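Architecture at a glance
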Amino acid sequence: MCGIVGYIGFRRADKVAVSALKRLEYRGYDSWGVAVKSNDEIKVYKRVGAIGDVSQFELCEGTISIGHTRWATHGKPSDVNAHPHTDCNGKIAVVHNGIISNFQKLRESLEREGHVFKSETDTEVIPHLIEKFIDSGLDFENAVKETLKHLKGSYAFVALSSTEDKLVACKYKSPLILGIGDNEYFVASDVPAILEYTNRVVYLHDGDTVVLTRDSYEIYKDGKKVNREVEIVPWSVEQAEKGGFEHFMLKEIHETPKVIEDTLLEYVSDEIELDVGFTAGISDVIFVACGTSYHASLIGKYLIEKLDEIPVRVEYASEFNYHNAPLSRSLVIGITQSGETADTLEALRKAQKFGARTLAITNVLGSSVTRIADVILYTRAGPEICVAATKTFIAQLIVLYVIALRLSLLSRSEVNEILADLKLLPEKVRAILDMEDYIRKIAEELANYENMMYIGRGLGYPIALEGALKMKEISYIHAEGYPAGELKHGPFALLGKQTPVVACVLRDETYDTMLGNIKEVKARNSPVVALTDENDSEAEKFVDYVIKVPSTNVLLTPVTYSVVLQLLAYYAARSRGCEIDKPRHLAKSVTVE
Ligand code: F6R
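Scope of this entry: the structure provided in the associated data block.

1. Details of unusual backbone geometry
A cis geometry characterises the amide bond from H83 onward to P84, with omega recorded as 0°. A positive phi angle, close to 75°, is found at N525, a residue other than glycine. Relative to the elements of secondary structure, N525 occurs in the loop between α15 (511–523) and β24 (528–533).

As structure tokens, then:
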């Protein structure tokens, strides 16, 4: 996820690009850059860091520009890897959001033809391809169209030429809108970038190429000119940044289907493409993590022990600091979405000192953990702005499924069956998002209480823990997660009318016992909300509220149930008027031990 912008009109184009990029920073902020056409030259400025830190910026006179704010995917955040990228002679500049999946092959073939690359990015193949087709006799616009035939993956990009007063922008599976002003045009990843200048937009379709000149625009698809409806955006800039959602948390929950698709795309094509050399000769796995990432680790333990029969233990990273035994045959996996959590970094260093091999699962390219662990696996969730982790947690689970299935002792056809179910998850999550109103009503009831319990068994237990964490951190309701079997060993004393219980019922070997536990809870007068499979008709008979979750392979229920529990926490917090995106006393990155 990155933010891109293009401008052609009558204003100082460098300033337009910078103000637009500042509005897109929620899409990525590890580096940024701008290119302006000035006379018959392209001037480029690009730097590592956040554009929000820039107060005054002037590059040069000029009324055509492109700009980019980056969320690194290929190549660490650095000045050289920042966009725009140019061809050999600096005559073509490109900004891009997405992933060119065949860039390595394209790059090798362009290098053989004499093209010299400066960055490690996938994007840089685009200006070089355009250059190649211009050298072969095509004009700029047709060279861009020819380039598209060679790209695989996802992209929204804008290309600028030093010799033409024109921008060419293309969209395929990454967002791109066209903004229409009076004698000026914009393209951008998202509406907030341009709302300061115009509220008239065209939502471009996959496969669209738009050609912008100073006084007109044309959209092409499959070689033919097409008309697209111009829509009026009714939002303020602030509303637009959140895509019309009231909070980033809700927007990020709604991004889950795409995050699952993107993370799967990284590791799975027809089959799983993951080199598991890092597991050779290991005797056991130890997860180290904090908070939500700790809960993802508990689910990882369940999966790896069940599918791979490798012993696993999970440690709070902050407690692993007191570990004192050799780990020479252990694989220590640190899960940290930010890649900056001090306790997790320290735990990985400690593990290395004791001889362990280390692997990190993170969402942030170039983050500190990537300089510590031996092997890095990325989640592809894009930046998460809300302090409470939602979509990044789901992306962590997807990577854990990939690892567990890749190491699995199941037959190929059994693995393929689970893979097929994994690929259906975005659809299941969309179905849950369709139930949002129903979940909201239950959450609004729960918002009236000050204490809650979440219970589960087996795989349902870490789901309950994560549900309770989400509820307490954003709604400030005291919520505890428990193994359902543990309630009778003390917490029963807290049950009663004033303590609702959220029960995660799974259709596996825990089902009957779990129903028994719910009956015990009901006998103590606690209101019960049960999450259960859509085909279950038993639980609803004796609970107060039932949330029927779309059916999937039971191993994948941590994904579906967690999205429900995230929505439950969100709407309870909203009903209590809490500051959801920035809960009190918390921070997105916890960089102290
Ligand atoms: C809860 C939450 C925190 C983080 C924890 C670890 O919603 O976001 O509990 O999960 O601080 O953060 P990372 O994954 O960045 O190491």
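2. Section: the site of the ligand
Inspection of the region around the ligand gives 13 residues, with S293, T336, S338, T341 and E473 positioned closest. Within the contact set of the ligand, an oxygen atom lies 2.4 Å away from a side-chain nitrogen or oxygen of T341. Across the complex, the protein chains shield 89% of the 410 Å² of accessible surface that the ligand would expose by itself. For the ligand, the cavity whose grid points lie within 2 Å of the majority of its atoms is the second largest pocket. With three residues, the single largest contributor to the shell around the ligand is helix α8 (residues 291–308). Counted by class, the shell around the ligand contains four nonpolar, seven polar and two charged residues.

3. A few points about the packing of helix α3 (residues 125–135) against helix α4 (residues 140–148)
Between α3 and α4, the shortest axis-to-axis distance is 8 Å and the interhelical angle comes to 125°. Considering the angle they form, α3 stands oblique to α4. In this structure, α3 crosses over α4, and the sense of that crossing is right-handed. For the pair α3 and α4, the contacting residues are I126, L129, I130, F133 and I134 in the first and F140, A143, V144, E146 and T147 in the second.

4. So, the nonpolar core
By size, the foremost hydrophobic cluster in this structure holds 126 residues, and its most contacted members are Y454 and L568. With 12 residues, helix α16 (residues 557–575) is the single largest residue contributor to this core. Setting aside residues up to four positions removed in sequence, L568 forms contacts with I439, I442, A443, L446, Y454, M471, V502 and I547. In this structure, I100, L106, A143 and Y220 belong to the second largest nonpolar core, which totals 24 residues.

5. Observations concerning the packing of α8 against helix α11 (residues 391–406)
Two elements in contact, α8 and α11, have axes separated by 9 Å at closest approach and are oriented at 20°. Considered as vectors, α8 and α11 are oriented roughly parallel to each other. Between α8 and α11 the crossing geometry is right-handed. Here T292, S293, H295, A296, I299, G300, L303, I304, L307 and D308 of α8 come into contact with α11, specifically with F393, Q396, L397, L400, Y401, I403, A404 and L405. Here the contact of α8 with α11 is built from residues that sort into 12 nonpolar, five polar and one charged.

6. Some words on the packing of aromatic side chains
Here the structure, examined in full by the defined rule, presents 10 aromatic pairs. Considering the side-chain rings of W32 and Y45, the 5.4 Å spacing of their centres and the 45° angle between planes classify their relative orientation as tilted. One end of the pair, W32, is in strand β2 (residues 31–38); the other, Y45, is in strand β3 (residues 41–48), with 13 residues separating them in the sequence. What makes W32 buried here is its relative accessible area of 3%. Aromatic side chains W32 and F57 sit 5.3 Å apart centroid to centroid with 75° between the ring planes, which places their arrangement in the edge-to-face category. Linking W32 in strand β2 with F57 in the loop between β3 and β4 (64–70), this pair joins segments that are 25 residues apart in sequence.

7. Describing the sheet that holds strand β12 (residues 208–212)
The seven strands lie next to each other as β5-β6-β7-β8-β12-β13-β14, forming an open sheet whose pairing is antiparallel. At either end of the open sheet lies a strand with only one pairing partner, and these are β5 (85–86) and β14 (224–226). Two strands pair when backbone bridges link them, and strand β7 (residues 153–161) and strand β8 (residues 167–172) are joined in this way by five bridges, in the antiparallel orientation. Across the sheet, A156 pairs through a bridge with K171, a residue of β8. Those strands touched by α3 are β5, β6 (92–100) and β7, and its axis lies near 130° from that of β6.

8. What about empty space enclosed by the protein?
Following the criterion strictly, the structure yields one cavity of 30 Å³ or more and no others. Lining the largest cavity are 15 residues; nearest its centre among them are C2, T73, H83, G98 and D122. For the lining of the largest cavity, the elements supplying multiple residues, two or more each, are β4 and β6. When residues in the lining of the largest cavity are grouped by element, the largest group, three residues, is from β6.

9. Description of the sheet that holds strand β16 (residues 284–289)
Read from one edge to the other, the open sheet built from five strands follows the order β17-β16-β18-β19-β20, with strand pairing classed as parallel. Where the open sheet ends on each side, the last strands, each with one partner, are β17 (312–316) and β20 (375–378). Mean inter-strand twist for the sheet, computed between neighbouring axes without regard to direction, equals 20°. Here β16 runs beside β17; their pairing, made up of five bridges, is parallel. Bridging from a neighbouring strand, V288 pairs with E315 of β17. In the packing of α8 onto the sheet, the strands contacted are β16, β17 and β18 (330–335), and the crossing angle to β17 comes to about 170°.

Conventions used here
- Residues numbered from 1 in each chain as written.
- Predicted model: local features only at pLDDT ≥ 70, side-chain atom pairs only at ≥ 80, totals over all residues.
- Heavy atoms only, no water.
- Helix = DSSP H or I, 4+ residues; strand = E, 2+ residues; numbered from the N terminus.
- Near = heavy atom within 4 Å.
- Polar contact = N/O pair within 3.5 Å; in protein donor to acceptor, adjacent residues only side chain to side chain.
- Areas by Shrake-Rupley, 256 points an atom, 1.4 Å probe, with all protein chains shown as cover.
- 1 Å grid on protein atoms, 1.4 Å probe; cavity = no way out; pocket = protein on both sides within 12 Å on 5 of 7 lines; lining within 4 Å.
- Sits in = over half its atoms within 2 Å of the grid points.
- Nonpolar A, V, L, I, M, F, W, Y, C, P; charged D, E, K, R; others polar.
- Axes fitted to C-alpha atoms, helices over the stretch in contact; angles between N-to-C directions.
- Parallel < 35°, antiparallel > 145°, perpendicular 65-115°, else oblique.
- Left-handed = near helix turned anticlockwise from the far one by under 90°.
- Contact = heavy atoms within 4.5 Å.
- Core = buried A, V, L, I, M, F, W, Y, C linked by side-chain atoms within 4.5 Å.
- Buried < 20%, exposed > 50% of the residue type's maximum accessible area, 1.4 Å probe, protein only.
- Phe/Tyr/Trp six-rings, centres within 6.5 Å; stacked < 30°, edge-to-face > 60°.
- Pairing = 2+ DSSP bridges.
- Points joined across faces, edges and corners; volume = space filled by probe spheres on them.

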